[in-house]
Amino acid sequence: MLENLHVRSALNPFLAIRFSQLLVAILSVIHAGYISTTINDGPGCLVLRCPDPSCQAAVGQDMINLLAPDEDKEKYSRYLLRSYVEGNRKTKWCPAPGCEYAVDFAAGGGSFDVSCLCSHSFCWNCVEEAHRPVDCGTVEKWILKNSAESENMNWILANSKPCPKCKRPIEKNQGCMHMTCTPPCKFEFCWLCLGAWTDHGERTGGFYACNRYEAAKQEGAYDESERRREMAKNSLERYTHYYERWASNQLSRQKALADLHQMQTVHLEKLSDVHCTPESQLKFITEAWLQIVECRRVLKWTYSYGFYLPEHEHAKRQFFEYLQGEAESGLERLHQCAEKELQQFLAADGPSKEFDEFRTKLAGLTSVTKNYFENLVRALENGLADVDSHAACSKTSSSKNASVSKGKGGKGKGGKMGGSSKNGDD
């Protein structure tokens, strides 16, 4: 049959061409099916080779584009892009939820904070949100602490006591000392001495005191348990102080981001119309809001820095709290001006001279606040080293003053050390 086909093909060139086209089409279908199956199997399609065992030719993107359907082409392109990004040390995916951008890192800037086109900023080193001036180790500890059960245990230890019978933690929610455990235990006891309530009454101090507890406390019976409760309470209060301010600035930053978006999409156009000012001359408002967003981020992370700053380093703590306080005060003034004082100009019916004064004030506050935070960031990134250098200078100055005083008070040859040898020669 094949011989007859070859004879006919030789006799009819047109039939030979059609046969070749048919053969190519059949092979294309076979290869396309093979390629499609391999692409659907996953990223392994990137190392695809010819299915003929005797052929080691690689199947590249050109052949994929030639033979594969559009859906498989898109899958292959995504696999290829993912392979490039994940195999390149200078490129990472943006960690923001739903973002499909990759970020290229340019080394040498002195900071690991990078920003994606989706406006999300993150740390290149640890891929957490941007946290300058705090190092990645501190951020890791802080995030772990916020999610760990340790603070729950501290709260239980500081605010509850174990039932003397079933040992479950009981929280005191009323003023008197008469406690009743929850069912099925229902044991009644004294909150102070943890003794059975049947042994209590008017003779032991009534419902709001316990003479047995006071007597035992004077003998030191509750010293260890009270010390543990006090330590847990102090630890919890300290953590709560820093966490609440960390979380508060996070919420303020999110609100500022929403206000910035509203300003850029709605309010700038309105201000431009009302005050007859081109939007290009209203950039000072956008710059103020961008500064607020950035400062809220920095201020938020300074509270995690303060939490881990050793308690015994009093000089560093005082310097840190001073810089943080100055920066925070400046930020509050800027935020107040951008958020509250701007409202009167948004509600105005026409241009006003006060708007120029507002421009000067807001631009000035933006510049001052930026300087405050640059000083704060610089100091924290240097580990508050200015405190150590200042202390060293103070010690050196003190020792020099002591030496001079000793030289002036001496006699005999020591008296010539004051620089008066010329007078002695005369």
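Calculation notes
Residues numbered from 1 in each chain as written. Predicted model: local features only at pLDDT ≥ 70, side-chain atom pairs only at ≥ 80, totals over all residues. Heavy atoms only, no water. UniProt positions renumbered as here; feature names shortened; annotations may be inferred. Core = buried A, V, L, I, M, F, W, Y, C linked by side-chain atoms within 4.5 Å. Buried < 20%, exposed > 50% of the residue type's maximum accessible area, 1.4 Å probe, protein only. Contact = heavy atoms within 4.5 Å. Helix = DSSP H or I, 4+ residues; strand = E, 2+ residues; numbered from the N terminus. Expected span 1.5 Å × (residues − 1). Polar contact = N/O pair within 3.5 Å; in protein donor to acceptor, adjacent residues only side chain to side chain. Salt bridge = Lys/Arg side-chain N within 4 Å of Asp/Glu carboxyl O. Phe/Tyr/Trp six-rings, centres within 6.5 Å; stacked < 30°, edge-to-face > 60°. pLDDT = per-residue confidence, 0-100.

Identification of the chain as RBR-type E3 ubiquitin transferase from Salix purpurea is taken from an unreviewed UniProt entry. Its UniProt record, at the heading Catalytic activity (unreviewed entry), says of the chain: "[E2 ubiquitin-conjugating enzyme]-S-ubiquitinyl-L-cysteine + [acceptor protein]-L-lysine = [E2 ubiquitin-conjugating enzyme]-L-cysteine + [acceptor protein]-N(6)-ubiquitinyl-L-lysine." Its UniProt record gives the chain the following Cofactor (unreviewed entry) comment, quoted word for word: "Zn(2+)".

Draft legend 1. A look at the nonpolar core. Leu271, Ile285, Trp289, Phe358, Leu362 and Phe373 are the most contacted members of the largest nonpolar core, which has 46 residues in total. Leaving out residues up to four positions away in the same chain, leucine 362 has contacts with Phe284, Ile285, Ala288, Leu334, Cys337 and Ala338. With 13 residues, the next largest nonpolar core counts Met177, Cys190, Trp191 and Cys193 among its residues.

Draft legend 2. Local environment of helix α5 (residues 136–147). Under the 1.5 Å per step criterion, the end-to-end length of α5 is 17 Å for 12 residues, consistent within 8% with the ideal 16 Å. Between a side-chain oxygen at the N-terminus of α5 and the backbone nitrogen of glycine 137 the separation is 3.0 Å; the capping residue is aspartate 135.

Draft legend 3. Molecular detail of unusual backbone geometry. Following arginine 132, the chain continues to proline 133 via a peptide bond in cis, the omega torsion being 15°. One can find proline 133 in the loop between β4 (121–123) and α5. Cis rather than trans, the peptide bond between proline 183 and proline 184 has omega equal to 5°. Among the structural elements, proline 184 can be located in the loop between β7 (178–180) and β8 (188–190).

Draft legend 4. Structural context of the pattern of salt bridges. Tallying each qualifying case throughout the model produces 11 salt bridges. Note that aspartate 113 and arginine 297 form a salt bridge whose closest N and O atoms lie 3.9 Å from each other. Residue aspartate 113 is located in strand β3 (residues 113–115), and its partner arginine 297 is located in helix α9 (residues 283–308); the two are separated by 184 residues in the primary sequence. You can call aspartate 113 partly exposed: its relative accessible area is 25%. Residue glutamate 339 is joined to lysine 255 by a salt bridge in which the shortest nitrogen-to-oxygen separation is 3.5 Å. Separated by 84 residues along the polypeptide, glutamate 339 in helix α10 (residues 314–341) and lysine 255 in helix α8 (residues 223–274) bring together distant segments of the chain. Residue class for lysine 255 comes out partly exposed when judged on its relative accessible area of 41%. Here the residues in one salt-bridge network are Asp113, Glu294 and Arg297, joined through shared partners.

Draft legend 5. Here's a closer look at the packing of aromatic side chains. The full count for this structure, using the stated rule, is 21 aromatic pairs. Seen in terms of ring centroids, phenylalanine 105 and phenylalanine 112 are 6.2 Å apart; in terms of plane orientation they differ by 15°. Their pairing is stacked. Owing to a relative accessible area of 15%, phenylalanine 105 belongs among the buried residues under this scheme. Assessed through its relative accessible area of 44%, phenylalanine 112 is described here as partly exposed. Summarising the aromatic geometry, the rings of tyrosine 239 and tyrosine 243 are spaced 5.7 Å apart at their centres and angled 25° between planes, so their arrangement reads as stacked. Here tyrosine 239 pairs with tyrosine 243, and both are found in helix α8, just 4 residues apart, close to one helical turn.

Draft legend 6. Fine view of the side chain of serine 272. By the secondary structure assignment, serine 272 is in helix α8. In this structure serine 272 comes out as buried when scored by relative accessible area, which is 14%. The contacts of serine 272, once residues within four sequence positions are left out, are Thr277, Pro278, Glu279 and Leu282.

Draft legend 7. Highlighting the environment of glutamate 328. Position of glutamate 328 relative to the elements: it lies in helix α10. For glutamate 328, a relative accessible area of 22% corresponds to the partly exposed category. Glutamate 328 sits 29 residues away from leucine 299 along the chain, and the two C-alpha atoms are 7.3 Å apart. For glutamate 328, the residues in contact, after removing those within four places along its chain, are Leu299 and Tyr303.

Draft legend 8. Geometry of the confidence of the model for the chain. When pLDDT is averaged along the chain, the result is 77, and 70% of the positions lie at 70 or above. Mean pLDDT across the elements of the chain ranges from a minimum in helix α14 (residues 421–425), with 39, to a maximum in α9, with 95. Residue range residues 1–11 is modelled with pLDDT below 50. Its contacts to residues more than four positions away, or to other chains, number 4 contacts. Within the model, the stretch residues 402–426 combines pLDDT values under 50 with 2 contacts to residues more than four positions away or in other chains.

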